[in-house]
Amino acid sequence: MANLLEKKKWELHEKKYKLLLEYGAKKGLIKVYDEKLIADLRQVYYKGLPVSILILHKWLSNGHCFDRALLISLGFNDDDFQVITANVDSLRLNPYYIDEYQKNKISNDYATHRFAQRIKKDGTTWIYDTSIGLIFDKELYSKIENPRIKYVFDKQTTLECLDDFQKESNIEEDKYALPLILPNLERYLVPIQPFYYELLKQEIALFKKTIHYEKICKEISEDFTRKMF
């Protein structure tokens, strides 16, 4: 189990995290996903769903940083960016993960996280953390998470990885699984941040309209009936 010193370090981290989060929100150093980013990612599909939904729904984003950090970069347009893999304090100092590490004798990769770093035309640099659904000023994020960088994918390498991702996704084939997936997403509509609730709801409704969801459900029902009788 995590010892007393480790628990104290976690308590201090939580206090620092909360203070810096409040400071960043007041100073404009923390942002939410903007409309253009969501609109651009609405056109990108991965395993049957648009990335706009993947990054807004908590179940589809939190804990899935390794591919979501890659996917969100498709909304950065002409800006330069990197996708960074690092150990971060929110995982490294968390007693729960320390206990799991000790119990299962796994490597210290339990603290590994991935996020996207966008360098905008105005010279500012922002961190997109898909596990919490927020955008941070780079300097502020460094103070919060103290990232210990392990790997950096540049823009070209990231886009090459995403080419392979796209090969795994065929919306024409994947859409027939949606009558099983979408009802659960709507039943448990849990956004990555509470203020995304209406946006997530709208994105799902728009997606259903785009793919003619009711028609797909009807086709599947008719096909099932034919096979049964």
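Look up a bit, the structure's there.
A brief report on the enclosed structure follows. Bear in mind the structure is a predicted one, so any value in this text is a computation, not a measurement.

1. What about the packing of helix 11 (residues 178-187) against helix 12 (residues 197-210)?
So, step 1. Put simply, helix 11 and helix 12 touch, their axes get as near as 11 Å, and they point 160° apart. Classified by the angle their axes make, helix 11 and helix 12 are roughly antiparallel. By crossing handedness, the relation of helix 11 to helix 12 is classed as left-handed. Taking contact as the criterion, the partners of Leu178, Leu182, Leu185 and Glu186 in helix 11 are, on helix 12, Ile204, Phe207 and Lys208.
So, step 2. Tallied by class, the residues present in the contact of helix 11 with helix 12 amount to 5 nonpolar, no polar and 2 charged.

2. Some points on the pattern of salt bridges
So, step 1. Evaluation of the coordinates by the stated rule reveals 9 salt bridges.
So, step 2. A salt bridge links Asp79 to Arg118; the shortest N-O distance between them is 2.8 Å. One end of the pair, Asp79, is in the loop between helix 5 (65-72) and strand 4 (80-87); the other, Arg118, is in strand 5 (residues 112-119), and 39 residues separate them in sequence. For the pair formed by Asp79 and Arg118, the shared burial category is buried.
So, step 3. For the salt bridge of Asp79 with Lys121, the shortest nitrogen-to-oxygen distance reads 3.2 Å. Of this pair, Asp79 sits in the loop between helix 5 and strand 4 while Lys121 is found in the loop between strand 5 and strand 6 (125-129), placing the two residues 42 residues apart along the sequence.
So, step 4. Note on Asp79: relative accessible area 8%, which makes it buried.
So, step 5. Lys121 gets classed as exposed once you look at its relative accessible area, which sits at 65%.

3. Some thoughts on a negative patch on the surface
So, step 1. Negative charge collects at one region of the surface, where Asp80, Asp154, Glu160 and Asp163 lie side by side.
So, step 2. Assignment of secondary structure puts Glu160 in helix 9 (residues 155-167).
So, step 3. In this structure Glu160 comes out as partly exposed when scored by relative accessible area, which is 43%.

Basis of the calculations
- Residues numbered from 1 in each chain as written.
- Predicted model: local features only at pLDDT ≥ 70, side-chain atom pairs only at ≥ 80, totals over all residues.
- Heavy atoms only, no water.
- Axes fitted to C-alpha atoms, helices over the stretch in contact; angles between N-to-C directions.
- Helix = DSSP H or I, 4+ residues; strand = E, 2+ residues; numbered from the N terminus.
- Parallel < 35°, antiparallel > 145°, perpendicular 65-115°, else oblique.
- Left-handed = near helix turned anticlockwise from the far one by under 90°.
- Contact = heavy atoms within 4.5 Å.
- Nonpolar A, V, L, I, M, F, W, Y, C, P; charged D, E, K, R; others polar.
- Salt bridge = Lys/Arg side-chain N within 4 Å of Asp/Glu carboxyl O.
- Buried < 20%, exposed > 50% of the residue type's maximum accessible area, 1.4 Å probe, protein only.
- Patch = residues over 30% accessible without salt bridge, like charges linked within 9 Å, V, L, I, M, F, W, Y side chains within 5 Å.
- Areas by Shrake-Rupley, 256 points an atom, 1.4 Å probe, with all protein chains shown as cover.
- Lys, Arg positive; Asp, Glu negative; His and termini not counted.
- Charge placed at Lys NZ, Arg CZ, Asp CG, Glu CD.

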